[in-house]
Amino acid sequence: MVRLKKANFEAYLVGGCVRDLLLGREPKDFDVATNASPEQVKQIFRNCRIIGRRFRLAHVFFGREIIEVATFRGSEPEESDQQVVHEDGRLLRDNVFGTLEEDVWRRDFTVNALYYNIRDFSVVDYTGGMQDHAAGVLRLIGNPQVRYREDPVRMLRAIRFAVKLSFTLHPESEQPIHELADLLKSIPAARLYDEMLKLFLAGYGLQTFELLRHYGLFAILFPATDKCLESLDHDFPRLFVMRALENSDRRFASGKTLTPYFLLAALLWEPLQVAAQKRIRQGENETIAYQNAANEILNNQIKITAMPRHITQAMRDVWFLQNKFSRTVGARPYRLLEQPKFRAAYDFLQLRAETGGAEQELVDWWTQFQDADEDLRQQMTAPPKGGASKPRRKAGRYRSRTNPSVQA
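Residues numbered from 1 in each chain as written. Predicted model: local features only at pLDDT ≥ 70, side-chain atom pairs only at ≥ 80, totals over all residues. Heavy atoms only, no water.

**Overview of the pattern of salt bridges**
Alright, step 1. Scanning the entire structure with this criterion turns up 20 salt bridges.
Alright, step 2. Asp20 is paired through a salt bridge with Lys164; the nearest N and O atoms lie 3.9 Å apart. Residue Asp20 is located in helix H2 (residues 16-22), and its partner Lys164 is located in helix H7 (residues 153-165); the two are separated by 144 residues in the primary sequence.
Alright, step 3. Residue classification places Lys164 among the partly exposed positions, given a relative accessible area of 23%.
Alright, step 4. Residues participating in the shared-partner salt-bridge network are Arg19, Asp20 and Lys164. (Salt bridge = Lys/Arg side-chain N within 4 Å of Asp/Glu carboxyl O. Helix = DSSP H or I, 4+ residues; strand = E, 2+ residues; numbered from the N terminus. Buried < 20%, exposed > 50% of the residue type's maximum accessible area, 1.4 Å probe, protein only.)

**Observations regarding the pairing of strand E2 (residues 31-34)**
Alright, step 1. Pairing of strand E1 (residues 11-14) with E2 involves 4 bridges; the strand directions are antiparallel. Residue pairing for E2: Tyr12 is matched across the bridge by Ala33.
Alright, step 2. Sheet topology note: the E2/strand E5 (residues 65-71) ladder contains 4 bridges and is parallel. Bridge pairing in E5 places Thr34 opposite Thr71. (Pairing = 2+ DSSP bridges.)

**With respect to the environment of Ala224**
Alright, step 1. Tracing the backbone shows Ala224 in helix H12 (residues 223-231).
Alright, step 2. In this structure the C-alpha to C-alpha distance between Ala224 and Ile297, which are 73 residues apart in sequence, comes to 7.9 Å.

**Let's talk about helix H15 (residues 269-281)**
Alright, step 1. For H15, which comprises 13 residues, the first-to-last C-alpha distance of 19 Å matches the rise-based estimate of 18 Å (1.5 Å per residue) to within 8%.
Alright, step 2. Burial in H15 covers these residues: Trp269, Glu270, Pro271, Leu272, Gln273, Ala275, Ala276 and Gln277.
Alright, step 3. On its buried face, H15 is in contact with H12, helix H13 (236-253), helix H14 (260-267), helix H16 (286-302), helix H17 (309-324) and helix H19 (342-354).
Alright, step 4. Taken from the residues just after H15, Gly283 is the one with a positive phi, measuring 105°. (Expected span 1.5 Å × (residues − 1). Contact = heavy atoms within 4.5 Å.)

**A look at the sheet that holds strand E8 (residues 114-117)**
Alright, step 1. The strand order across the open sheet built from 7 strands is E3-E4-E5-E2-E1-E8-E9, with neighbouring strands paired in mixed fashion. Both edges of this open sheet fall to strand E3 (48-51) and strand E9 (122-125), since each of them pairs with a single strand only. Between one strand and the next, the sheet's axes are offset by a mean angle of 35°, whatever the strand orientation. (Axes fitted to C-alpha atoms, helices over the stretch in contact; angles between N-to-C directions.)

**So, the packing of aromatic side chains**
Alright, step 1. Summed over the entire model, instances satisfying the criterion amount to 18 aromatic pairs.
Alright, step 2. Measuring from centroid to centroid gives 5.8 Å for Phe342 and Trp366, while their planes differ by 50°, and the two rings are tilted. In this pair, Phe342 sits in helix H19 while Trp366 sits in helix H20 (residues 360-371), placing the two residues 24 residues apart along the sequence. For the pair Phe342 and Trp366, one class covers both residues: buried.
Alright, step 3. On the basis of an interplanar angle of 80° and a centroid distance of 5.6 Å, the ring pair of Trp366 and Phe369 is categorised as edge-to-face. Taken together, the positions of Trp366 and Phe369, both in helix H20 and 3 residues apart, correspond to about one turn of that helix.
Alright, step 4. Given the relative accessible area of 0%, Trp366 is considered buried.
Alright, step 5. Taking relative accessible area as the criterion, Phe369 reaches 0% and is therefore assigned buried. (Phe/Tyr/Trp six-rings, centres within 6.5 Å; stacked < 30°, edge-to-face > 60°.)

**Some details on unusual backbone geometry**
Alright, step 1. Even without glycine at this site, Asn8 takes up a positive phi of about 65°.
Alright, step 2. A residue is classified by how much of its surface remains accessible, and Asn8, at 71% relative accessible area, is exposed.
Alright, step 3. Unusually for a residue other than glycine, Phe121 sits at a positive phi of about 55°.
Alright, step 4. In this structure Phe121 comes out as exposed when scored by relative accessible area, which is 62%.

**Details of helix H8 (residues 171-180)**
For an α-helix, 3.6 residues make a turn, and residues three or four places apart therefore share a direction.
Alright, step 1. Here H8 has its buried residues at Ser173, Pro176, Ile177 and Leu180. For H8, the angular spread of buried residues about the axis comes to 125°, placing them on one side. For H8, the exposed residues set more than 90 degrees away from the buried face come down to Pro171, Gln175 and Glu179. (Arc of directions from axis to C-beta.)

Without other data, these values stay purely geometric and don't point to any function.
This is the structure:
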């Protein structure tokens, strides 16, 4: 910013970094708004790269840190003849450069339209963002119907910011969400995958899940899961999903690594059971039924949130290892311990047991086996005296609706 000022350009910190600083939080990143064009920014900073198509941005690199520098955007009347309406109902319009006063009205929420001027350490506020910030209100700038149609992802951002900041959605910004939720179906699956990660892996997953369901947005992101949550006559699927989200939130708060595939495997676990059992009733072999059901569920979900292949493969590993936990005799437990995804699969089994979807006895056995010395392991895996081992219920089997305490 100092270099831009020295080159006689305007430069302001803007957006989330200003909002978070005012809340006393450490900003995740810093964005700069300026009247310099991307090419002019690149002339000033050698460590700069220009990105974007519809609207070009300058990324300035400082080691591993990236400062995003955006040229002020121009505005146009909401009823302009230049507006283009996509066949799915979204509004499309070209981005043009403009002034600070115009740039303000192109931003999404009032609390994200605060500009910090390092020249005199003041905050520039054209939209009442400071007042909304103090009141804990999240309000869209402009006509909410128009702004959501321009970019339906703003509905997801509204939920994410409301939860993250503990703000309340302004009634005028809240009302259109139910009506316009279907517009998210037109968003590219790769973008929705990125937004989904921001929603659920930022330490507020459970609250976000509840709010998304309230506004009908979760059904757009995970239709198969939402259908299970709505249709099953017991509380297991919802409780399992909530525990999985609570687990992720705790790990985030503890500074532990979060793996998207684990939470996604939990979110799609119940749809997998439903699809597999349908195939089994139609006469398919159980193993084949689960494999085909996994293909079906993942292929449908990828069309909505484009999960990378390494994520879907890890999900499959966690799912298919569940059955193997029931095999506690002979060499099989040793081979299972060597599986790359053993720990994640074990945690998944433990989560299922906590919600009545697997036997706690089985979890306890594996908890002991992992830490046992070789002599104890041999005793634990030896066939019982007097004949064949006692069969255990398979860990991946679907739980009976009539007996909520039974699912392996």
